[in-house]
Each structure stands twice: as structure tokens, then as C-alpha cells.
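# Structure assessment
Spelled out, the chains give:
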Amino acid sequence: IEQVQKSAADGCAVVLEWQDLDPRLGYRLLGGWGRESTSNILAEVEQRLIRLQELIQKVAENVPVAVSGPTLRLPPLFHVPERQCGPDEARLQHALSEFILWASQQANVRVLNQHWLDELVPAAARFDMKSDLLAGIPHTPAYSDVLAQAIAGLLAPASPKKGLITDLDGTLWKGIVGEIGAGAVSWDLTNHAQVHGLYQQVLQALAEQGVLVGVATKNDAEVVEEAFKRSDLLLKREQIFPLMAGWQPKSEAVQRILRAWNISADDAVFVDDSPMELAEVQAAFPHLECVLFPASESSKFEKLLYGLRSRFAKERVTREDKLRRQSLQGNDAFEGETRRAPSYDDFLREAHAELSVEFVSAKVDPRSLELINKTNQFNLNGLRYTQTEWQRHAHQ
């Protein structure tokens, strides 16, 4: 702990395997696997996990901590068949689960998702018995590489995307609304359009966490607005800003949406079911991530849902995140009014605005780091801080 506190490290990684919690749960120590030894192992693991909690809590006061629980299977020390989970193994897993739950709830601590890791590397491809016995390194080289990248991603996560621009026909719903009418487009099981409903469900959840959701569609605006009056739509009209409906190229609609949001193309994602529309937009915005909506390929669609969640993921959702869309909408309306208003100075004089400043030194608010790194709004010198650097600066 003292070494971490005194060093200039930007983070701390805690990568555990079962033998780290008790050497007898590995293959390099002949400590016995009988009934008496098993009982003693269980008690030792529980005590070490408690001690780990104390250490992690202290380290996390200074730097972010990434935690990876055991990812290799337990050695054959149990008397029940391998296909069966007996009470001893269940007790070990329960102790680990309680530790992982505790860690996931701590400020400045991030826990590696084991299910996500399972998708990348199957359990059978992780363990290297020869390397473990000769050098005490239980992981295969390929798995070590994946695990290291995962830990690095926890300690220095990529900035989340800010906005999603979506098509409507064939994407948000099944059918062409201009041809079959607002009442005939669908997104449910009955009409074999459940994927569109699931997509709406994800967009609704993203909008609720503060992600900007805009629409770029080649349709008449009146027809689109009629469709959004349907009460069974999961993504509501008020969660969309702006909605660009017309017959101009999609790239023009995308440009207007990005301008309304005041963000760059690399902070957004564009989703459409037409490869041609995606290509046209991609040519105009090389740094915009353009994603094909795979309505007819279920396996790719599941990947799309997870991908969208990951691109916009963040550790915490703040009050400011939830108010972002309303703020932009209000600013858009305000600019429209000021263009017609006789005097902006008159508005300022009549606003009766009050400015309050509060200094909080006991705890560093994560929002302060988010604001100081917004070079286009608050950071005038262009310098950016990591989370650790900002914590050190605040405690000086």
C-alpha cells in the first residue's frame, strides 16, 4: 500500500487466481486435498478475502483499482463428481461472490466482468500446466495478453460516445411508414419484428442515462410525427432531439444533428439498415462510426445491442447527464427566440441571474474532472488530467 501511495502510478491491478487465495488451490504446493484440508482451505480463503477488502479500500483512496477474480477452474479437490457443485465449492464461490459484490460497490474500484471474458477466451484455453509448474505462471500467453488488455481498459477506459443517430424505416421499426402508414409499422413478436422493439428498448435506456438520440430519415415530417404519436412506441418522441425528416442526403441530416448537439463526428454513432446510406454518410464523415442494422441476422443483432451499450457505457450517470437533452433543446429554442428578439442585452438585464460558488475539499467530485477535461467549453489551456493526477492535484 505504501509503495502505491508514494509512487506516481496511475492505477493498481489486483489479478487473482484461486492459488492466490490459498496455495493449496493450485498445483505448485503439495498441501493436501483431503476433507480436513478442504475445511481449512475454506476458512483461509474467507479470511484472505476480508484482508483484501481492507487493502483495496486503502489503495482506492489514491488511485483507481481494477479487480479480476479467479478465472481458472478449481483443482480436483472435491469428493463429488465434477459435473456436480457440492457444498464446499459452493461455499468458495459464495465467498468470492460476496467479495466481488463489495468491490463493485466501492468508489474508484472497477471489477472485470467474467462473463465478458468468457466470450473472448473459453476456459479450456486459459491454463498452462507446464508454465505453472516451471515458473508459477498459470496463464497461456494468449490469455495473458487478453487479460492484460482488459485490465488496462478498466484502469484507463475509453471516453464514451455522446450521441446516437438512427434511421427509422427498417431500423427503429419494421416497414416503410410513408407507404403502409403509421399504424402498420411494427416492432413486436406477432409481426416478426421483435428485433426492432429490442433496439427501441436499448435506445430508450440510453436516452434515460443521458445519451443524445437523434433521427435522420428520408420521410415526410408529418408522417413521422404521426408515427411517434403511437402510445406503444418504447422510444418516446420527447427522448429524440433533433428529428430530421426530409429527402436530402442523409449526410446533410447528420451534419445538422451534430451541429445541434455541438459535438464532433467521432463522438457519435450512426445506425441504418441500408449499406448505401451508411456509405454515403461515412464518406462525408470519415470519423463517424457507422453501424449496419442487421435485422435478418439474429447473431449479429445481439452483437449490435451489446456493442451499443459498450460504446455509451459509463461508471455513473449524473444529474447533468440526464438533463443534457433538455438543455440542448432549451438552447435551440432560446436561439430561435433571440434571433427574433429586439435585444439580447435586455434579456440579460431582466434575467436576474445569480452565481453561487461552492468549494468542497474533503472529497473530489468526479464531475469536476469531467468538466475540466472539456477543452471546448471549460479548459482554456488545452491540458487534460487523468483521474489519478486530478486526485493528487485536489489533495495538494
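Residues numbered from 1 in each chain as written. Predicted model: local features only at pLDDT ≥ 70, side-chain atom pairs only at ≥ 80, totals over all residues. Heavy atoms only, no water.

## Some details on unusual backbone geometry
For the bond from F241 to P242, the omega torsion is -10°, close enough to zero to count as cis. Relative to the elements of secondary structure, P242 occurs in the loop between α10 (221–227) and β6 (243–246). Phi at H192 takes a positive value of approximately 55°, unusual for a residue other than glycine. Along the chain, the position of H192 falls in the loop between α8 (177–180) and α9 (194–208). A relative accessible area of 69% places H192 in the exposed class. Phi at N262 takes a positive value of approximately 60°, unusual for a residue other than glycine. By secondary structure assignment, the location of N262 is in the loop between α11 (250–261) and β7 (268–272). (Helix = DSSP H or I, 4+ residues; strand = E, 2+ residues; numbered from the N terminus. Buried < 20%, exposed > 50% of the residue type's maximum accessible area, 1.4 Å probe, protein only.)

## Here's the deal with the pairing of strand β1 (residues 12–15)
Only one face of β1 is buried, namely the one carrying C12 and V14, since none of A13 and V15 on the opposite face is buried. Looking at chain direction, β1 and strand β2 (residues 65–68) are connected through 4 bridges and run parallel. Looking across to β2, one finds that A13 is bridged to A66. (Pairing = 2+ DSSP bridges.)

## Details of the sheet that holds strand β8 (residues 289–292)
Ordered by their spatial adjacency, 5 strands build an open sheet running β6-β5-β4-β7-β8, and the pairing between neighbours is parallel. The open sheet has two edge strands with one neighbour each: β6 and β8. Strand after strand, the sheet turns through a mean of 15° between neighbouring axes, direction not considered. Inspection of the sheet shows strand β4 (residues 163–166) paired to β7 by 4 bridges, in the parallel sense. In the sheet register, I165 faces β7, and the bridge partner there is F270. Sheet strands in contact with α11 are β4, β5 (212–218), β6 and β7, and its direction is about 155° off that of β5. (Axes fitted to C-alpha atoms, helices over the stretch in contact; angles between N-to-C directions. Contact = heavy atoms within 4.5 Å.)

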